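# Notes for the structure review
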Amino acid sequence: MMRKNVLTAFGVLMIQYLPAQQYYNDSAMVPGAVDFAKLYYNQKRGNQSSIYNGLLHHLYPSYIEGNAYFLIDSFQRGTVIYEDIVYENILMNYDVVTDQLVVKADEQTSLPLLLFSPRVKKFSFSGLNFFYEDEMNDIVTSLPTGYYQELVRGRATAICKTTKIIKETIRDIKVHYEFEQQKRYYILKDSHSYLINNKNDLLSILKDQKKGIQEFMRTKKLKFRRNKERTIVAVTEFYNNPPEKKS
């Protein structure tokens, strides 16, 4: 009986001790065991898992016209890779003003929390895919730090950086506030990033298929100034999967 009590006390002590472990030497563990242990532990914790640790996200004043989020201001369910662990069916929204991912444990009772961006590798919702780029860790592509939407992946990858600011204007002797959005497009190719401002930038970066791309744009009636994103996506997809030459 005494032995059983000692073992029970030891088990309780270990359970209390586990959450406090912040650092450990995983070199002594079997490869993959660390990730498995993290996943198992976080699943057991449920809504108390590490993904729900963050600063409180404060809503924006209702007098600001528009919304601060990507597309819509309601929370969507999606997938997050946080601290190299995949979390599915997470309630989330992307605050474009602060460039932070907001999550909630449930729709009704929990408060929205801001995730620490460098710990978020990727996230996706509503068929949209995003990744976090840290210019301090990836000098090759030299992209400014932040979240980027992946539009096309392949030999050439098209991405978009969306930003929003709160703009102030005077209307009828009153201050008017609204969210103003801006998008920047890049092509990632040969371990470098290229900002796409116009049609010539696009053709220059994909110059090894320039003639084919120009013919493709004429056939599809693609106008860069009219619809920048549609043109970049279509041209990049064409570049990655060019039609076979007739013999």
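First things first, this report covers the structure right here in the doc. By convention here, each chain's residues receive numbers from 1 onward along its written sequence. Under the rules for a predicted model, residues below a pLDDT of 70 receive no local features and side-chain atom pairs below 80 are neither given nor counted, while totals for whole chains, interfaces and linings still include all residues. Computation of side-chain values: all heavy atoms of the structure, hydrogens and water removed.

### Quick notes on the packing of aromatic side chains
Worth spelling out the cut-off: For this analysis, a ring pair means two rings from Phe, Tyr or Trp (six-membered ring only for Trp) whose centres lie within 6.5 Å, classed as stacked if their planes differ by under 30 degrees, edge-to-face if by over 60, and tilted for the remaining angles. Strands are runs of DSSP state E lasting at least 2 residues, helices are runs of H or I lasting at least 4, and numbering of each runs from the N terminus. To sort residues, take the accessible area from a 1.4 Å probe on protein chains only and compare it with the maximum for the residue type: under 20% means buried, over 50% means exposed, and anything in between is partly exposed. Geometrically, a lysine NZ or arginine CZ counts as sitting over a ring once it is within 6 Å of the ring centre and also within 35 degrees of the ring normal.
Overall, the coordinates contain 16 aromatic pairs when judged by the stated rule. With centroids separated by 5.4 Å and ring planes inclined at 65°, the aromatic side chains of Tyr94 and Phe130 adopt a geometry described as edge-to-face. Placement of the pair is Tyr94 in strand E3 (residues 85-95) and Phe130 in strand E7 (residues 128-133), with a sequence separation of 36 residues. As far as the burial class goes, Tyr94 and Phe130 line up, both buried. With a centroid separation of 5.8 Å and an interplanar angle of 20°, the aromatic rings of Phe131 and Tyr148 are classed as stacked. Placement of the pair is Phe131 in strand E7 and Tyr148 in strand E8 (residues 146-152), with a sequence separation of 17 residues. The buried category is assigned to Phe131, whose relative accessible area is 14%. A relative accessible area of 1% means that Tyr148 is categorised as buried. Across from the ring centre of Phe75, 5.2 Å away, lies the NZ or CZ of Lys104, which sits over that ring.

### Re the sheet that holds strand E5 (residues 113-114)
As a reminder of what qualifies: Strand pairing is assigned whenever DSSP identifies at least 2 bridges connecting the two strands. Contacts are assigned to residue pairs with any non-hydrogen atoms lying within 4.5 Å of each other. Interaxial angles span 0 to 180 degrees and are taken between N-to-C directions of axes, which are lines fitted to C-alpha atoms, for helices over the stretch in contact.
Strand order in this open sheet of 11 strands is E1-E5-E4-E3-E2-E6-E7-E8-E9-E10-E11, and the pairing throughout is antiparallel. Among the strands making up the open sheet, the edge pair consists of strand E1 (55-56) and strand E11 (192-196). Across 5 bridges, the pairing between E3 and strand E4 (residues 100-104) is antiparallel. Counted as the bridge partner of Leu91 is Lys104 from E4. Taken strand by strand, helix H5 (residues 228-240) contacts E8, strand E9 (157-171), strand E10 (174-189) and E11, and its axis lies near 10° from that of E10.

### Describing the environment of Val102
Secondary-structure assignment places Val102 in strand E4. Val102 gets classed as buried once you look at its relative accessible area, which sits at 0%. Leaving out residues up to four positions away in the same chain, Val102 has contacts with His57, Phe75, Leu91, Met92, Asn93, Asp95, Pro112, Leu113 and Leu114.

### What about the pairing of E11?
Strand direction decides the pairing type here: E10 and E11, joined by 5 bridges, are antiparallel. Bridge pairing links Lys189 to His192 in E11. Hairpin connection of E10 to E11: 2 residues between the antiparallel strands, including Asp190 at a positive phi of 55°.

### Structural notes on the pairing of E8
Counting buried residues in E8 gives 6 out of 7 residues, a clear majority hidden from the surface. Pairing analysis gives 3 bridges linking E8 to E9, with the strands arranged antiparallel. Counted as the bridge partner of Glu150 is Ile159 from E9. Connecting the antiparallel pair E8 and E9 is a turn made up of 4 residues.

### Focus on helix H4 (residues 210-220)
Note the threshold: What the arc describes is the spread of directions from the helix axis to the C-beta atoms.
For H4, the full list of buried residues reads Ile213, Phe216 and Met217. Seen from one end, H4 has its buried residues packed into an arc of 100°, which puts them on one side. For H4, exposure combined with an orientation more than 90 degrees from the buried face picks out Lys211, Arg218 and Thr219. Against helix H3 (199-205) and H5 lie the buried residues of H4. One or two positions beyond H4, positive phi appears at Lys221, with a value near 55°.

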